[in-house]
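One-letter residues, chain by chain:
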Amino acid sequence: MPLALCAGLAVGPTACAADPDEGTNGVGRLSAPEIEGKARSAADTAKAVRLSGTLVSKGGTFKLNMRLRQDGASGSVTTKNSTFELLRVGDALYLKADAGFWTHDSKGGATPSKADAEAADKLDDMYVKVPQGDPSYKQLRGFTDMGPLLGGLIGLHGEKVKGDRDQIGGVRTIKVKGGADGEGGTLDVALVGSPYPLQFARGGGGGVVVLSEWNKDFLLNAPSKEEILDYGKQLPRT
């Protein structure tokens, strides 16, 4: 009966096409601003997320692989010059890097002294607690603050426009673009389960980040005393 009815009413090849929102959470039926709002609300109420991808800014290119919670984070950051690990438990921020990071000269070219090289060897693969008064603290903490980091990443600029449906990590998504061509960024929002943002492509080639493992909790423990050494001076700039 349904097939006969469909055939009888058909006035074109797409007259009885499948509903693209069948079996979804329904956000695909909403307007672009409403979809973005749903994604922001879902992200704001989440307790944890994994963020991975690349960000391009005036300060350079950063490759991130971070697990974030409201009260801390752990993961790695790769820059042009080095890769280092970050661990934040509450306000306590720890950095772990190899000897090359500690001997890196931000102005370039200078050969480290013998004393600096020996100190760097001792710091190799050890945690250093970043003093809150150190100029690097605010910058490094920025990679670990879930709320501000997500808020800054998933914001679209310009008129919000609905895009195509896609899949990110096997999950069906709907795209929302900032501007007709996505010049203000493109956000992929989950069409299954909670409408979490699953991928964000920044406009102007500013990088792409993938957001996964929403609400998947993980342990955050401060390093033991045996794993920590004091750098003793201002941290190198990243």
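Refer to the preceding data block for the structure.
The following refers to the structure shown.

Calculation notes
- Residues numbered from 1 in each chain as written.
- Predicted model: local features only at pLDDT ≥ 70, side-chain atom pairs only at ≥ 80, totals over all residues.
- Heavy atoms only, no water.
- Patch = residues over 30% accessible without salt bridge, like charges linked within 9 Å, V, L, I, M, F, W, Y side chains within 5 Å.
- Areas by Shrake-Rupley, 256 points an atom, 1.4 Å probe, with all protein chains shown as cover.
- Salt bridge = Lys/Arg side-chain N within 4 Å of Asp/Glu carboxyl O.
- Lys, Arg positive; Asp, Glu negative; His and termini not counted.
- Charge placed at Lys NZ, Arg CZ, Asp CG, Glu CD.
- Helix = DSSP H or I, 4+ residues; strand = E, 2+ residues; numbered from the N terminus.
- Contact = heavy atoms within 4.5 Å.
- Buried < 20%, exposed > 50% of the residue type's maximum accessible area, 1.4 Å probe, protein only.
- Expected span 1.5 Å × (residues − 1).
- Arc of directions from axis to C-beta.
- Pairing = 2+ DSSP bridges.
- Axes fitted to C-alpha atoms, helices over the stretch in contact; angles between N-to-C directions.
- Core = buried A, V, L, I, M, F, W, Y, C linked by side-chain atoms within 4.5 Å.
- Phe/Tyr/Trp six-rings, centres within 6.5 Å; stacked < 30°, edge-to-face > 60°.

Re a negative patch on the surface
Reasoning step 1: Residues Glu85, Asp98, Asp121, Asp124 and Asp125 make up a contiguous surface patch of negative charge.
Reasoning step 2: When you line up the elements, Asp125 lands in the loop between helix 4 (114-123) and strand 6 (126-129).

Topic: the side chain of Glu36
Reasoning step 1: Structurally, Glu36 can be placed in helix 2 (residues 32-45).
Reasoning step 2: Setting aside its immediate chain neighbours within four residues, Glu36 contacts Ile154, Gly155, Leu156 and Lys160.

A word on the pattern of salt bridges
Reasoning step 1: Scanning the entire structure with this criterion turns up 13 salt bridges.
Reasoning step 2: Here Arg29 makes a salt bridge to Asp19, at a shortest N to O gap of 3.1 Å. One end of the pair, Arg29, is in the loop between helix 1 (2-9) and helix 2; the other, Asp19, is in the loop between helix 1 and helix 2, with 10 residues separating them in the sequence.
Reasoning step 3: With relative accessibility at 38%, the residue Asp19 sits in the partly exposed group.
Reasoning step 4: With a shortest N-O distance of 2.7 Å, Arg165 and Asp21 are connected by a salt bridge. You can see Arg165 sitting in strand 7 (residues 160-168) and its partner Asp21 sitting in the loop between helix 1 and helix 2, a full 144 residues away along the chain.
Reasoning step 5: Of the residues examined, Asp21 reaches a relative accessible area of 7% and is grouped as buried.

Considerations on unusual backbone geometry
Reasoning step 1: Positive phi is not limited to glycine here, since Glu213 has a value of about 55°.
Reasoning step 2: Residue placement: Glu213 occurs in the segment after strand 11 (208-212).
Reasoning step 3: A relative accessible area of 29% places Glu213 in the partly exposed class.
Reasoning step 4: Residues other than glycine seldom take positive phi values, yet Asn215 does so here, at roughly 65°.
Reasoning step 5: One can find Asn215 in the segment after strand 11.
Reasoning step 6: On the accessibility criterion, Asn215 (38% relative accessible area) is partly exposed.

Topic: helix 2
Reasoning step 1: Between its first and last C-alpha, helix 2 extends 20 Å over 14 residues, near the 20 Å set by a 1.5 Å rise per residue.
Reasoning step 2: Within helix 2, the full set of buried residues consists of Ala32, Ile35, Glu36, Ala39, Ala42 and Ala43. Within helix 2, the buried residues cover an arc of 125° as seen down the axis, which keeps them to one side. The outward face of helix 2, more than 90 degrees from its buried face, is lined by the exposed residues Asp44 and Thr45.

Describing the sheet that holds strand 11
Reasoning step 1: Ordered in space as 6-5-4-3-2-1-11-10-9-8-7, the 11 strands form an open sheet in which the pairing is antiparallel. Edge strands, defined here as strands with exactly one partner in the open sheet, are strand 6 and strand 7. Between one strand axis and the next, the sheet turns by 20° as a mean value, whatever way the strands run.
Reasoning step 2: Sheet topology note: the strand 2 (residues 60-69)/strand 3 (residues 72-78) ladder contains 7 bridges and is antiparallel. Of the residues in strand 3, the one forming a bridge with Leu64 is Val77.
Reasoning step 3: Helix 2 contacts strand 7, strand 8 (171-178), strand 9 (186-190) and strand 10 (197-201) of the sheet and is inclined by roughly 55° relative to strand 7.
Reasoning step 4: Across the face of the sheet, helix 6 (residues 146-153) comes into contact with strand 1 (48-57), strand 2, strand 10 and strand 11 while running at roughly 50° to strand 1.

Focus on the nonpolar core
Reasoning step 1: Ranked by internal contacts, the top residues of the largest apolar core, which has 51 residues, are Leu51, Leu86, Leu95, Trp102 and Trp214.
Reasoning step 2: In terms of residue count, helix 2 provides more of this core than any other element does, 5 residues in total.
Reasoning step 3: Of all hydrophobic cores here, the second largest spans 7 residues; its members include Ala48, Leu87, Tyr94 and Leu220.

A few points about the packing of aromatic side chains
Reasoning step 1: Counting across every chain of the model gives 4 aromatic pairs.
Reasoning step 2: A ring pair is formed by Phe84 and Phe101, whose centres lie 5.5 Å apart and whose planes are at 50°; its orientation type is tilted. Remark: Phe101 occurs in helix 3 (residues 99-103) and Phe84 occurs in strand 4 (residues 83-89); sequence separation between them is 17 residues. Across the pair, exposure class does not vary: Phe84 and Phe101 are buried alike.

Side note on the pairing of strand 5 (residues 92-97)
Reasoning step 1: Within strand 5, 6 of the 6 residues are buried, which leaves it mostly tucked inside the rest of the structure.
Reasoning step 2: In the sheet, strand 4 pairs with strand 5 via 6 bridges, with the strands oriented antiparallel. Paired with Leu86 across the two strands is Leu95, which belongs to strand 5.
Reasoning step 3: Between strand 4 and the antiparallel strand that follows it, strand 5, lie 2 residues; Gly90 among them carries a positive phi value of about 65°.
Reasoning step 4: Here strand 5 runs beside strand 6; their pairing, made up of 4 bridges, is antiparallel. By the bridge assignment for strand 6, Lys96 is matched with Tyr127.

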